[in-house]
Amino acid sequence: MPTPSMEDYIEQIYILIEEKGYARVSDIAEALSVHPSSVTKMVQKLDKDEYLVYEKYRGLVLTPKGRKIGQRLVYRHELLEQFLRLIGVSEENIYRDVEGIEHHLSWNAIDRIGDLVQYFQEDERRLEALRDVQRRNEQGE
Ligand SMILES: [Mn+2]
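Rules of the game
Numbering of residues starts from 1 in every chain and runs along the sequence as written. Local features are withheld for residues below a pLDDT of 70 in this predicted model, meaning they are given only at 70 or higher, and side-chain atom pairs are given and counted only at 80 or more; totals for whole chains, interfaces and linings count all residues. Water and hydrogen atoms were dropped before computing side-chain values, which therefore reflect all heavy atoms in the structure. UniProt positions are given in the numbering used here, feature names are shortened, and annotations may be inferred rather than shown by experiment. Where each domain starts and ends comes from a domain assignment, either automatic or drawn from a database. When checking whether two residues touch, look at their non-hydrogen atoms; a contact exists if any pair is within 4.5 Å. Buried area counts how much accessible surface, traced with a 1.4 Å probe, disappears from two parts once they are put together, with both parts' losses summed. Here, a salt bridge means any Lys or Arg side-chain nitrogen found within 4 Å of an Asp or Glu carboxyl oxygen. Here a polar contact means two N or O atoms within 3.5 Å. Within protein one must be a hydrogen donor candidate and the other an acceptor candidate, and residues neighboring in sequence count only if both atoms are side-chain atoms. Strands qualify as paired when DSSP identifies two bridges or more between them. Strands are runs of DSSP state E lasting at least 2 residues, helices are runs of H or I lasting at least 4, and numbering of each runs from the N terminus.

If you look the protein chain up in an unreviewed UniProt entry, it shows as HTH-type transcriptional regulator MntR from Geobacillus thermocatenulatus. Annotation of the protein chain in UniProt includes, under Function (unreviewed entry), the sentence "Central regulator of manganese homeostasis." If you open the UniProt record of the protein chain and go to Subcellular location (unreviewed entry), you find "Cytoplasm".

Written out as C-alpha coordinates, the structure is:
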(Lines give C-alpha, C1' and ligand atoms only; values in the text may rest on other atoms or scores of the structure.)
Protein backbone atom coordinates (compact mmCIF):
# COMPACT_ATOMS: atom_id res chain seq x y z
CA MET A 1 0.00 0.00 0.00
CA PRO A 2 1.38 3.43 -0.92
CA THR A 3 1.75 6.02 1.87
CA PRO A 4 -0.27 9.31 1.68
CA SER A 5 2.77 11.07 0.24
CA MET A 6 3.30 8.34 -2.38
CA GLU A 7 -0.39 8.62 -3.25
CA ASP A 8 -0.02 12.37 -3.89
CA TYR A 9 2.86 11.72 -6.27
CA ILE A 10 1.20 8.86 -8.13
CA GLU A 11 -2.01 10.91 -8.47
CA GLN A 12 -0.13 13.92 -9.82
CA ILE A 13 2.05 11.89 -12.19
CA TYR A 14 -1.09 10.18 -13.54
CA ILE A 15 -2.77 13.56 -14.14
CA LEU A 16 0.31 15.02 -15.86
CA ILE A 17 0.67 12.03 -18.17
CA GLU A 18 -3.07 12.15 -19.01
CA GLU A 19 -2.93 15.88 -19.75
CA LYS A 20 0.48 16.31 -21.39
CA GLY A 21 1.59 12.82 -22.32
CA TYR A 22 4.59 12.98 -19.98
CA ALA A 23 5.54 13.92 -16.41
CA ARG A 24 8.78 15.83 -15.84
CA VAL A 25 10.38 16.16 -12.42
CA SER A 26 10.05 19.96 -12.66
CA ASP A 27 6.32 19.73 -13.45
CA ILE A 28 5.71 17.34 -10.56
CA ALA A 29 7.65 19.61 -8.18
CA GLU A 30 5.60 22.61 -9.28
CA ALA A 31 2.26 20.79 -9.02
CA LEU A 32 3.02 19.53 -5.51
CA SER A 33 4.90 22.66 -4.35
CA VAL A 34 7.99 20.67 -3.37
CA HIS A 35 11.69 20.85 -4.22
CA PRO A 36 12.80 18.92 -7.33
CA SER A 37 15.25 16.91 -5.17
CA SER A 38 12.29 15.58 -3.14
CA VAL A 39 10.64 14.52 -6.39
CA THR A 40 13.77 12.69 -7.53
CA LYS A 41 13.94 10.87 -4.21
CA MET A 42 10.29 9.84 -4.31
CA VAL A 43 10.51 8.82 -7.97
CA GLN A 44 13.32 6.45 -7.04
CA LYS A 45 11.18 4.94 -4.31
CA LEU A 46 8.17 4.60 -6.63
CA ASP A 47 10.43 2.95 -9.19
CA LYS A 48 11.74 0.51 -6.59
CA ASP A 49 8.16 -0.33 -5.53
CA GLU A 50 7.23 -0.86 -9.19
CA TYR A 51 4.69 1.94 -9.55
CA LEU A 52 6.73 3.48 -12.35
CA VAL A 53 9.85 3.09 -14.41
CA TYR A 54 12.31 5.95 -14.58
CA GLU A 55 13.99 5.91 -17.95
CA LYS A 56 16.73 8.41 -18.51
CA TYR A 57 15.55 9.71 -21.88
CA ARG A 58 11.88 8.74 -21.98
CA GLY A 59 11.24 10.07 -18.49
CA LEU A 60 8.62 8.61 -16.17
CA VAL A 61 6.39 5.78 -17.31
CA LEU A 62 3.76 4.34 -14.97
CA THR A 63 3.66 0.56 -14.77
CA PRO A 64 0.25 -1.16 -15.10
CA LYS A 65 0.16 -1.25 -11.26
CA GLY A 66 0.96 2.50 -11.07
CA ARG A 67 -1.62 3.35 -13.75
CA LYS A 68 -4.33 1.34 -12.02
CA ILE A 69 -3.70 3.03 -8.68
CA GLY A 70 -3.34 6.46 -10.33
CA GLN A 71 -6.74 6.04 -11.95
CA ARG A 72 -8.35 5.09 -8.61
CA LEU A 73 -6.71 8.03 -6.81
CA VAL A 74 -7.98 10.49 -9.41
CA TYR A 75 -11.45 8.93 -9.22
CA ARG A 76 -11.37 9.22 -5.41
CA HIS A 77 -10.32 12.87 -5.55
CA GLU A 78 -13.05 13.73 -8.07
CA LEU A 79 -15.72 11.81 -6.15
CA LEU A 80 -14.86 13.61 -2.92
CA GLU A 81 -15.02 16.99 -4.68
CA GLN A 82 -18.42 16.04 -6.06
CA PHE A 83 -19.55 14.92 -2.62
CA LEU A 84 -18.46 18.11 -0.84
CA ARG A 85 -20.06 20.25 -3.57
CA LEU A 86 -23.26 18.25 -3.26
CA ILE A 87 -23.55 18.69 0.50
CA GLY A 88 -23.08 22.42 0.01
CA VAL A 89 -19.46 23.04 1.03
CA SER A 90 -18.24 26.44 -0.26
CA GLU A 91 -16.29 26.28 -3.50
CA GLU A 92 -13.23 27.98 -1.96
CA ASN A 93 -12.87 25.17 0.62
CA ILE A 94 -13.39 22.17 -1.61
CA TYR A 95 -9.90 21.53 -2.98
CA ARG A 96 -8.13 21.95 0.36
CA ASP A 97 -10.70 19.83 2.19
CA VAL A 98 -10.37 17.00 -0.32
CA GLU A 99 -6.57 17.11 -0.03
CA GLY A 100 -7.04 16.91 3.73
CA ILE A 101 -9.29 13.85 3.82
CA GLU A 102 -8.62 11.79 0.70
CA HIS A 103 -5.78 9.71 2.16
CA HIS A 104 -7.59 8.95 5.38
CA LEU A 105 -10.73 7.18 4.22
CA SER A 106 -11.03 3.47 3.57
CA TRP A 107 -12.05 2.32 0.10
CA ASN A 108 -15.16 1.01 1.83
CA ALA A 109 -16.04 4.57 2.92
CA ILE A 110 -15.27 5.87 -0.60
CA ASP A 111 -17.67 3.34 -2.12
CA ARG A 112 -20.43 4.29 0.34
CA ILE A 113 -19.91 8.00 -0.43
CA GLY A 114 -20.23 7.00 -4.08
CA ASP A 115 -23.64 5.47 -3.25
CA LEU A 116 -24.71 8.67 -1.52
CA VAL A 117 -23.68 10.88 -4.46
CA GLN A 118 -25.64 8.53 -6.73
CA TYR A 119 -28.63 8.66 -4.37
CA PHE A 120 -28.80 12.44 -4.75
CA GLN A 121 -28.16 12.35 -8.50
CA GLU A 122 -30.95 9.88 -9.15
CA ASP A 123 -33.70 12.18 -7.91
CA GLU A 124 -33.45 15.97 -8.00
CA ARG A 125 -36.03 16.24 -5.16
CA ARG A 126 -33.60 14.63 -2.69
CA LEU A 127 -31.14 17.46 -3.23
CA GLU A 128 -33.91 20.02 -2.89
CA ALA A 129 -34.94 18.45 0.42
CA LEU A 130 -31.33 18.75 1.66
CA ARG A 131 -31.19 22.40 0.55
CA ASP A 132 -34.40 23.01 2.54
CA VAL A 133 -32.78 21.65 5.70
CA GLN A 134 -29.73 23.85 5.06
CA ARG A 135 -31.85 26.97 4.55
CA ARG A 136 -33.68 26.24 7.83
CA ASN A 137 -30.38 25.76 9.70
CA GLU A 138 -28.95 28.97 8.29
CA GLN A 139 -32.00 30.90 9.47
CA GLY A 140 -31.58 29.41 12.93
CA GLU A 141 -27.91 30.39 13.16
MN1 LIG B 1 -5.73 14.86 -4.47
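Resuming the write-up.
This paragraph deals with the domain arrangement of the protein chain. Segmentation of the protein chain into domains returns domain 1 (2–67) and domain 2 (72–138). For domain 1 versus domain 2, the separation of C-alpha centres amounts to 28 Å. Between domain 1 and domain 2, the contact holds 7 residues from the first and 7 residues from the second. Taken together, the two surfaces of domain 1 and domain 2 that pack against each other cover about 640 Å², and 57% of this comes from carbon and sulfur. When the area that domain 1 buries against domain 2 is broken down by residue, the three leading residues are Pro4, Glu7 and Glu11, summing to 68%. Counting across the domain 1 and domain 2 interface gives 1 salt bridge. Among the salt bridges present, the one from arginine 76 reaches glutamate 7, with a minimum N-O distance of 2.8 Å. At the boundary of domain 1 and domain 2, one finds 4 residue pairs in polar contact (both at pLDDT 80 or more).

We now examine the pairing of strand β2 (residues 59–62). One ladder, built from 4 bridges, connects strand β1 (residues 52–55) with β2; its direction is antiparallel. Each residue of the ladder has a partner; that of glutamate 55, found in β2, is glycine 59. The turn joining β1 and β2, which pair antiparallel and follow one another in sequence, is formed by 3 residues.

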